[in-house]
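The residues making up each chain are set out below.
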Amino acid sequence: MSWFERKFFKFSLKNLVFFALMWLMVGFTTGTETLMGPVRWIASIAREMKWGKGVEDVTVKFVIVLFVFGSCVISVWLVRTVIKTKLRHVKVGIPAIVLLATFGALYFWLNPQVFGADTGLVEEIVADARFTIGPYPTKERLISLKERGYTAVISLLHTAVIPFEPKLLADEQKAANEVGIEIIHLPMLPWVSENKQSLDKIKALAESGKGRYYVHCYLGKDRVNVVKRIIENVRASVGTEYPDSIISSRKMRNTTSFERGKIYILENEIYLTPFPTDEEYLGFILAGSVKQVVSLLDPDNPDDSIWIEKERKLLAEFQLLFDLFPISLSRYNPQEVLEMTQKTWLLPRPLVIHGFRSPSFRTEAFIQAFRSNLPPLPPSLFIEPLQRGEVEVIAPNIAAGPRPNGPEFGGFLYLRGVREFAYLGNPDSLESKEDSMITNQAGLSWQVLDPHSQGLFDKLAKGGPWYVYGPFLSSVREELESRFGPPIPENIRFVPKASKKTKPAKLEKQEPKISAEKRPKTSQSEGVSLPQRMVSFTFDFVERSMPDLKSIILLGPLFMLYGGIGGAFAGRLRIIKKVRTPYTRKVFHFYIFSMAGILHLSFGLPAVVLFGSIISLCVLYATYRGNGFPFYEAMARPTDEPHRTFYIIVPLITTALGGGITNLFFSKFAFIGYFVGGWGDAVGEPAGTKWGKHKYKVPSLLGVPASRSLEGSTAVVLVGFFVAFLGLFAVGIPLMKALFVGLVCGIAGAAVEAVSTHGLDNLTIQVAASATAYFLLV
């Protein structure tokens, strides 16, 4: 028996076929991630730094060799695990997970119309008016190209890139035949081929001076850039010049959505969009005719402030006008939104206004106010019901629903924008008198309206925003919806008084002035629930934290592999190398928290959420396997008997809670919590185990004895200070300030760790370190 067979698996036809299939699937999945990650980054760096083509090709080929070797090693490891295990769920589960990841990668490649917006696919006329670089064309795009007078579509897809490019090429040819536009197939392979024949034909087309062509590959990054250089060289050699008006970007009016959501055309050359990706910024704004960008993000929200500063610097560099019209959840003011939309008419066009995602409460509010000239009530703010039932927005400035309880007038409804209350009922009834007293004490406008008089409709037609309720509501609700609905108007309903030569239209009604004494109270003691008071934070937080489908497909398998390798390594240390659990547990701790910090800085919170979810599944699987499973033994301390599993689950939950709290309140410095918690706490326990002589007891759940040491706490301070300083300095904090704040973060982390209940320090250290950095630097 050979060394390989002893170490991994026996050579047999069955095993070799299984390995070949596994390698094929692993290779396809990891190849997708390699192409979209390292290869793409290298190609971008090479062009920015103007490397020669030879240097770029050699570098990419080296990455490809590493990928082939790495995918082979991974496949051998997985096949060995499946063959050697006696557990049926492992024998079936590993191939099933690999197959699922493969299908995900295949879906990614076969659906460029779904994922194209985030792969650099922007349409632009490259060297002259005859060649347009763009994404893989759908049938709708082919129709548009024909209508715009294109001679042919040049496809650079290669049939050797199986299984997706042959299918995409066949689909494209079929659609082109139906549309009646020619496909010129000039196949190219980047880095591994000279592509001389295809490039010669492109050069001949460029030199001919005839025809108009649309050129595409799949990613719009590598093959098309080679074509772009050829066309630019031909243009330079013949000395052709074209006016700037010919070299134009993709037109916003021809686009219905960005990656983060829908695009709304509010008025001629006024566009309401989600926050553009970097590629969308390049293709639609920076390379286009946009004259001003307006952001609806809130600078007082730490998450938003990061995006705002990035955008401000980018637009300043390109000398484009930028302004903030912040719409805040925590201080939502419908009158301010109305004033913002009225100012919009005066701004230079083409004008792009954006929130973060679309639709969202911000885009809903802006559309409502812009098209109705009324203070808006976004429907998405009223998903949560009142205690007595659901609230429905029936017009831009009108919501209708059940009778609120006392605190809901000045709490739930006021926070969502309601400023006036209309009671449709008997003015002498007990509930009418009670509601009048409650709203009067809160400083709110409340009145009884006759549902059968024209005065009701005259009142509701302006001002507000209104909340309409009462026993007679049902008798007029249908007519209210018919007259004033829908909640989000499809067209502009008024004649704008503002133009480029006039001032904004005069407001119909000013925001009511409420004294500090009479401002609605929303404390929990008056009955407003915690979810109601936190709604302004949670809407944005949940929206921003969810990973998209592309991230799940591309990063999910990598995170699963990362967790598996980390667990296997920690388990090997514990079982094979006999390393003590305090060390193996913290090795994995360090391994996970470090990656979370890197992901947060590189890709943002959604990547961290995806990573944390997958790692949590790995840890839960280890607890399912229990005693004797190497990964479990690497995490379960013998000193935690008889509750070893409990002290794995509780830290897992508190880690998630700590990450959630730091991102909710201190997101700009959440990575400091990851690093101080991951490094400082990871060093503290092993240091205390090895050198701890001055021990002290700490509280513990379930009565398990727990102690820490001054030596371990000192290690937490020193290492926490070191990593906090490095993290702060890396994101641009000045040296001396980074040293000071880093030291305080290390001390804060060690202080809460020293007094935290056994099992809860993963939460307290994260929050303490992140909060310290936030309050010292913001």
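Only a predicted model underlies this, so the values are computations on that prediction, with no experimental measurement involved.

All right, on to the overall build of the protein chain then. When helices and strands are counted, the protein chain shows 28 helices and 19 strands. Taking all 778 residues of the protein chain together, the buried fraction comes to 52%. Here the protein chain has roughly 36,200 Å² of accessible surface; of this, 62% comes from carbon and sulfur atoms.

With that settled, consider the sheet that holds strand β12 (residues 351-354). One open sheet holds the 5 strands; their spatial order is β8-β9-β12-β10-β11, and the pairing between them is mixed. Because the sheet does not close on itself, it has two edges, and the strands there are β8 (264-267) and β11 (321-324). Going across the sheet, the axis of each strand differs from the next one's by a mean of 25 degrees, ignoring polarity. Taken together, the 4 bridges between strand β10 (residues 292-295) and β12 define a ladder with parallel strand orientation. Bridge pairing links V293 to V352 in β12. The strands that helix α11 (residues 302-317) touches are β10, β11 and β12; relative to β11, the one it contacts most, it runs at about 160 degrees.

If you check helix α22 (residues 605-625), its first and last C-alpha atoms are 30 Å apart, about what 21 residues at 1.5 Å a residue would give, namely 30 Å. Where α22 is concerned, the buried positions are L605, A607, V608, L610, F611, I614, I615, C618, V619, A622 and T623. G626 sits one or two residues past α22 and shows a positive phi near 70 degrees.

Our focus in this paragraph is the environment of V391. Note on placement: V391 falls in the loop between α13 (361-372) and β13 (392-395). Looking at V391, the relative accessible area reads 8%, which means it is buried. In this structure the C-alpha to C-alpha distance between V391 and L381, which are 10 residues apart in sequence, comes to 9.9 Å. Setting aside chain neighbours within four positions, we find V391 in contact with F382, L386, A399, A400 and Y467.

So, on to the nonpolar core. Counting residues in each nonpolar core, the largest one holds 49 residues, and the members touching the most others are F588, F611, V619, F631 and I672. Here the element with the most residues in this core is α22; it accounts for 10 residues. When neighbours within four sequence positions are excluded, V619 is seen to be in contact with F588, F631, M635, I648 and L652. Core analysis: the second largest hydrophobic core is formed by 43 residues, I270, L272, V418 and W446 among them.

Attention now goes to the pattern of salt bridges. According to the stated counting rule, one finds 18 salt bridges in the structure shown. Ionic pairing is found between K139 and E178, a salt bridge with its closest N-O pair at 2.7 Å. On the criterion of sequence distance, the pair formed by K139 in helix α6 (residues 139-147) and E178 in helix α7 (residues 164-179) is long-range, its members being 39 residues apart. For E178, a relative accessible area of 48% corresponds to the partly exposed category. Across the pair R477 and E392 runs a salt bridge whose closest N-O atoms are separated by 2.5 Å. Of this pair, R477 sits in helix α17 (residues 473-484) while E392 is found in strand β13, placing the two residues 85 residues apart along the sequence.

A few words now on unusual backbone geometry. The omega angle of the peptide bond from R349 to P350 is 0 degrees, so this bond is cis rather than trans. Mapped onto the secondary structure, P350 falls in the loop between α12 (334-344) and β12. Across the junction of S358 and P359, the peptide omega takes the value 5 degrees, indicating a cis bond. Of note in this structure, K578 is not a glycine but carries a positive phi near 60 degrees. The residue K578 is located in the loop between α20 (549-575) and α21 (581-603) in this model.

Before going further, it helps to examine the side chain of R644. Its location among the elements puts R644 in the loop between α23 (630-635) and α24 (646-666). If sequence neighbours within four positions are ignored, R644 has contacts with N627, Y632, E633, A636, R637 and P638.

Here we come to the packing of aromatic side chains. The description of an aromatic ring pair uses the distance of the two centres, along with the angle that the planes make with each other. In the structure shown here, the tally under the stated rule is 34 aromatic pairs. Ring geometry for F108 versus W109: centroids 5.1 Å apart, planes at 75 degrees, classification edge-to-face. Of the residues examined, F108 reaches a relative accessible area of 0% and is grouped as buried. Under the relative-accessibility criterion, W109 is labelled buried at 4%. A connected cluster of aromatic rings, assembled from ring pairs, spans F409, F421, Y423, W446, Y467 and Y469. Here the guanidinium or amino end of R419 rests over the ring plane of Y414, the centre of that ring lying 3.9 Å away. Above the ring of F457, the side-chain terminus of R483 is found at 3.9 Å from the ring centroid.

Per-residue pLDDT for the protein chain averages 83, and the proportion of residues at 70 or more is 85%. Throughout residues 240-249 the model reports pLDDT below 50, and contacts reaching past four residues in sequence, or to other chains, amount to 18 contacts. A low-confidence stretch, residues 498-530 (pLDDT under 50), is modelled with 58 contacts involving residues beyond four sequence positions or located in other chains.

Attention now goes to the pairing of strand β4 (residues 182-185). Here strand β3 (residues 152-155) pairs with β4 via 4 bridges, running parallel. Along β4, the bridge assignment pairs A152 with E182. Regarding topology, α7 serves as the crossover connection from β3 to the parallel β4, and that connection is right-handed.

The subject of this paragraph is the environment of G93. Relative to the assigned elements, G93 resides in helix α4 (residues 88-110). Measuring from C-alpha to C-alpha, the distance between G93 and V82 comes to 9.0 Å, with 11 residues separating the pair along the chain.

Let's shift gears to the packing of α21 against α24. With their axes 14 Å apart at the nearest point, α21 and α24 run at an angle of 20 degrees to one another. Classed by the angle they form, the pair α21 and α24 counts as roughly parallel. The two elements α21 and α24 cross, and the hand of that crossing is right-handed. Between α21 and α24, the contacting residues are R585, F593 and H600 on the first element and Y647, I648, P651, T655 and N663 on the second. Looking at the contact of α21 with α24 residue by residue, the classes come out as 4 nonpolar, 3 polar and 1 charged.

Cut-offs used in this document
- Throughout, residues of each chain are indexed from 1 in the direction in which the sequence is written.
- Two thresholds apply to this predicted model, a pLDDT of at least 70 for residue-level local features and 80 or more for giving and counting side-chain atom pairs, whereas whole-chain, interface and lining totals are computed over all residues.
- For side-chain calculations, the full set of non-hydrogen atoms in the structure is used, while hydrogens and water are omitted.
- Here a strand is any run of E in DSSP of at least two residues, a helix any run of H or I of at least four, and the numbering for each starts at the N terminus.
- For every residue, the accessible area obtained with a 1.4 Å probe (protein chains only) is divided by the maximum for its type, and the residue is called buried under 20%, exposed over 50%, and partly exposed between those limits.
- Note that accessible areas follow from Shrake-Rupley with a 1.4 Å probe, and for residues the cover is restricted to the protein chains shown.
- Criterion used throughout: strands pair if DSSP finds at least two bridges between them.
- Each axis is a line fitted through C-alpha atoms, and for a helix only the stretch in contact is used; angles between axes span 0 to 180 degrees, taken between their N-to-C directions.
- It only takes one pair of heavy atoms within 4.5 Å for two residues to be counted as in contact.
- Expected span of a helix: the number of residues minus one, times 1.5 Å.
- What we call a nonpolar core is a set of buried Ala, Val, Leu, Ile, Met, Phe, Trp, Tyr and Cys residues that are connected through their side-chain atoms within 4.5 Å.
- We count a salt bridge whenever a side-chain nitrogen from Lys or Arg sits within 4 Å of a carboxyl oxygen from Asp or Glu.
- What counts as a ring pair is set by centres within 6.5 Å for rings of Phe, Tyr and Trp (its six-membered ring), and what kind of pair is set by the plane angle: stacked under 30 degrees, edge-to-face over 60, tilted for all other angles.
- We call a charge positioned over a ring when the NZ of a Lys or the CZ of an Arg lies within 6 Å of the ring centre and within 35 degrees of the ring normal.
- What pLDDT reports is the predictor's confidence in each residue, on a scale of 0 through 100.
- A crossover gets the label right-handed when its path from the first strand over the helix to the second runs clockwise, viewed with the strands pointing away from the viewer.
- Under this scheme an angle from 65 to 115 degrees is roughly perpendicular, one under 35 degrees roughly parallel, and one over 145 degrees roughly antiparallel; angles in between are oblique.
- In a left-handed crossing the near helix is turned counterclockwise from the far helix by less than a right angle, and in a right-handed crossing that turn is clockwise.
- Amino acids outside the nonpolar list (Ala, Val, Leu, Ile, Met, Phe, Trp, Tyr, Cys, Pro) and the charged list (Asp, Glu, Lys, Arg) are all regarded as polar, and Gly is one of them.

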